[in-house]
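# Structural overview for review
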Amino acid sequence: MGFLGINGVSKSFGGLRAVADCSFDVPPGSLMGFIGPNGAGKSTLFNLVSGLYQPDTGSIRLEGDELVGRPADEIARMGLGRTFQTPRSFATLSCLENMLASVPSPGERLFPALIGTYRPHERQVTVEAQRLLGLVGLGERANDPADELSGGELRMLEVARQLIRHPKILLLDEPTAGVTPTLQNRLGKLLRILHDDGLTVLIVEHNLGFLLNLVEQVVVMVRGKVLTQGDPDAIRKDPDVINAYLGRRDGDAA
Amino acid sequence: MNWAQLLTTVVTVGSILGVVTLVLNMQYGHAGMINFGVVAYFAAGAYTYVLLTQSPPSSLDQYVVGLDLPVWVGFLGAALAGLVFAAITGWPTLRLRGEYLALTTFAFAEVFHSFILNEQRFANGTRGLVGLERPFRDQITFVDYNIFFAAAALAFLVIVYLIFERIVRSPYGRALEALRDDELALITVGKQSSRFRLEVFLFTAPFAAMAGAFHIWYTTLALPELFTAEVTFIVWIALILGGEGSNRGALIGIFLVVVFEELVRAIPFTSIRAAQIAAELEVAALGLLLIVFLRWQPFASLARVRRRTG
């Protein structure tokens, strides 16, 4: 039984079968890569798991609980964190406020907001938020509004916003796109630490240098289906994966 | 020109409409929800107040209900009417965003306006009610009643401002701004955005409705023509002038508009023709002012809320 179990999931948009009878497990505590050509259905699958889309058929379970049919905010509260291919943030809020707005607060009810009983909780979360911002290289930018961040910094902020929620599983959609090598290293290290602490991570990434050095397992998706699954070395050598995704070097015999 | 009188009028009208502007600012400036029907809360409060406090109908009246209840009952009833109206219009529109929400709220307000205009049994329809009582008129002997009333309206505005500021600066206000910036991002951190969307309507509408009761006290009139979409647009213009997203900006905006309108109104015209021309020019000038402010955004720096953390 996987931590995240995807079983026979399909999703069509009009005539396009974006995800077609897709099944795989993400075992608890694993650090897993998720690759495939453009249009393979990786982001669609993320949207299905996080509840933004409803699958046509199939079942998605988190620790045994069915996710299909639940609203996205409830799935998030059940312990699922995700980032987007195009990073999302609260543009006018500062980085620190972005972090604080991402955790439940007693001050998000009207009455406590009026009488101010949320303050001790805020102080506590602020410390944690500052620490996480430091970890993703945004420590100096805590008070800058998110719309002043660069593309790479926004990605880091989005990851940090999810981490402060302490999810059980984190789905990252191309976390290194537009991110400098320094920050990529930092992110890789951070993910390894979180992995050692037991967080389950599933990463969509085209930057294979980064991905294959980081993860233990890779799932390859092609045309809405799982093509194969294995450790990074096996995936690198798999002729089907080379055909469908990695491609051949110039001069290699066809 | 009588400056003391002008000041009293500006404070009174500015305070009453200021509350409505603050309500719109909370809904649009902070939570990003476009409401083109704010006048409906205002009107619902005003007419509920009238319904609860007016004397029972005499033979000349067409209205059916007049409960002759005390002022404070009417005032609370107005607030409740705002809440009910917000629930009726907020619930079915929860899934609507942007321009769709704008159109629907506008339509709801038009339906309500059409109702008070055409239903004569409600408050005499088009003919309306005139010469309504002003509260504590007889008790206030120590100061000019108009000054007392201006002070009361201003006190009401200050209270609403303080409540709204407290909410805006709390995690609640932060969540509203997060909702405005990116609803999907808010949902994916596990927050139920629809709760905030509904609550914003519910907790702000009663204040606009109470402002409606104040408006009845001020004008002593319950006429449908005082509760047209024009009120909505005046408040929108004020909010854009002052810079949406800031309560202080909202107030600067509405007082600018009211000062401007009252100044034009205070000009002693010698002919009806001149007054008509001035009325037309007033609208044109207000439009010009709006364009100028949109271009240079003089109060834009007010818009970002500085929140203390911890």
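A count of helices and strands for chain A gives ten helices and ten strands. Computed over C-alpha atoms, the radius of gyration of chain A comes to 19 Å, within 12% of the 18 Å expected from 2.2 N^0.38 for 254 residues, which places it in the range of a compact globule. The principal-axis extent of the C-alpha atoms belonging to chain A is close to 70 × 40 × 35 Å. Taking all 254 residues of chain A together, 44% fall into the buried category.

Across soluble globular proteins, nonpolar side chains have a tendency to be buried as a group. By size, the foremost hydrophobic cluster in this structure holds 160 residues, and its most contacted members are A160(A), F42(B) and A208(B). Among the elements that make up this core, the one with the highest residue count is helix α9 (residues 193–219) of chain B (14 residues). Among the domains, domain 1 (4–89 + 166–246) and domain 2 (90–148) of chain A are the pair contributing at least three residues each to this core. Contacts of A208(B), omitting those with residues within four sequence positions, involve V19(B), V20(B), V23(B), V38(B), Y41(B), F42(B), G45(B) and G82(B).

Listed per partner, the contact involves 30 residues of chain A and 26 residues of chain B. Listing elements by their share of the side of chain A that touches chain B, those giving two or more residues are α2 (72–77), α3 (95–100), α4 (110–115) and α5 (119–135) of chain A. Of the residues belonging to the side of chain A that touches chain B, the class tally is twelve nonpolar, seven polar and eleven charged.

Further remarks concern the sheet that holds strand β4 (residues 57–62) of chain A. All names here are of chain A. Read from one edge to the other, the open sheet built from four strands follows the order β2-β1-β4-β5, with strand pairing classed as antiparallel. The open sheet is flanked by β2 (16–26) and β5 (65–66), the only strands paired with a single partner. Strand direction decides the pairing type here: strand β1 (residues 4–13) and β2, joined by seven bridges, are antiparallel. Within β2, the position partnered with V9 by the bridge is C22. Against the sheet, helix α1 (residues 42–49) touches β1, β2 and β4, its axis set at about 65 degrees to β2.

Along its 17 residues, α5(A) runs 24 Å from first to last C-alpha, staying within 8% of the 24 Å computed at 1.5 Å per residue. Along α5(A), the residues that are buried comprise E122(A), V125(A), A129(A), L132(A) and L133(A). Viewed along the axis of α5(A), the buried residues span an arc of 95 degrees, placing them on a single side of the element. In α5(A), the exposed positions angled more than 90 degrees off the buried face are occupied by P120(A), R123(A), Q124(A) and V127(A). Where α5(A) is buried, its residues meet α3 and α6 (151–163) of chain A together with α7 (171–181) of chain B.

Moving on: helix α12 (residues 272–296) of chain B. All names here are of chain B. With 25 residues, α12 should reach 36 Å at 1.5 Å per residue; the first-to-last C-alpha distance of 36 Å fits that figure. Burial runs low along α12: only zero of the 25 residues are buried. At the C-terminal side of α12, Q297 shows a positive phi close to 40 degrees.

Residues and elements named next belong to chain A. Domain annotation of chain A identifies domain 1 (4–89 + 166–246) and domain 2 (90–148). For domain 1 and domain 2, the distance between their C-alpha centres works out to 28 Å. Listed by partner, the interface residues are four residues for domain 1 and seven residues for domain 2. For the side of domain 1 that touches domain 2, the per-class residue count stands at two nonpolar, one polar and one charged.

Further remarks concern the packing of helix α2 (residues 38–53) of chain B against helix α4 (residues 98–118) of chain B. Residues and elements named next belong to chain B. One can describe the packing of α2 onto α4 by two numbers: an axis separation of 9 Å at closest approach and a directional angle of 30 degrees. Between α2 and α4, the crossing angle belongs to the class labelled roughly parallel. The handedness of the crossing between α2 and α4 comes out as left-handed. The segment α2 lies against α4, with V39, A40, A43, A44 and Y47 engaging F108, A109, F112, H113 and I116. Here the contact of α2 with α4 is composed, by residue class, of nine nonpolar, one polar and no charged.

Next up on the list: the pairing of strand β10 (residues 225–230) of chain A. Along any regular strand, the residues point their side chains to alternate faces of the sheet. All names here are of chain A. Looking at chain direction, strand β9 (residues 217–222) and β10 are connected through five bridges and run antiparallel. Each bridged residue has a counterpart across the sheet, and for M221 the counterpart in β10 is V226. In textbook terms, the turn of a hairpin is the stretch between consecutive antiparallel strands, and for β9 and β10 this stretch comprises two residues, one of which, R223, has a positive phi near 45 degrees.

Each value, and the rule that gives it
- Residues numbered from 1 in each chain as written.
- Chains lettered and ligands numbered in written order.
- Predicted model: local features only at pLDDT ≥ 70, side-chain atom pairs only at ≥ 80, totals over all residues.
- Helix = DSSP H or I, 4+ residues; strand = E, 2+ residues; numbered from the N terminus.
- Rg over C-alpha atoms; globule rule 2.2 N^0.38 Å.
- Buried ≥ 20, exposed ≤ 12 C-beta atoms within 10 Å, placed from the backbone.
- Core = buried A, V, L, I, M, F, W, Y, C linked by C-beta atoms within 7 Å.
- Domains from an automatic or database assignment.
- Contact = placed C-beta atoms within 7 Å.
- Nonpolar A, V, L, I, M, F, W, Y, C, P; charged D, E, K, R; others polar.
- Pairing = 2+ DSSP bridges.
- Axes fitted to C-alpha atoms, helices over the stretch in contact; angles between N-to-C directions.
- Expected span 1.5 Å × (residues − 1).
- Arc of directions from axis to C-beta.
- Parallel < 35°, antiparallel > 145°, perpendicular 65-115°, else oblique.
- Left-handed = near helix turned anticlockwise from the far one by under 90°.

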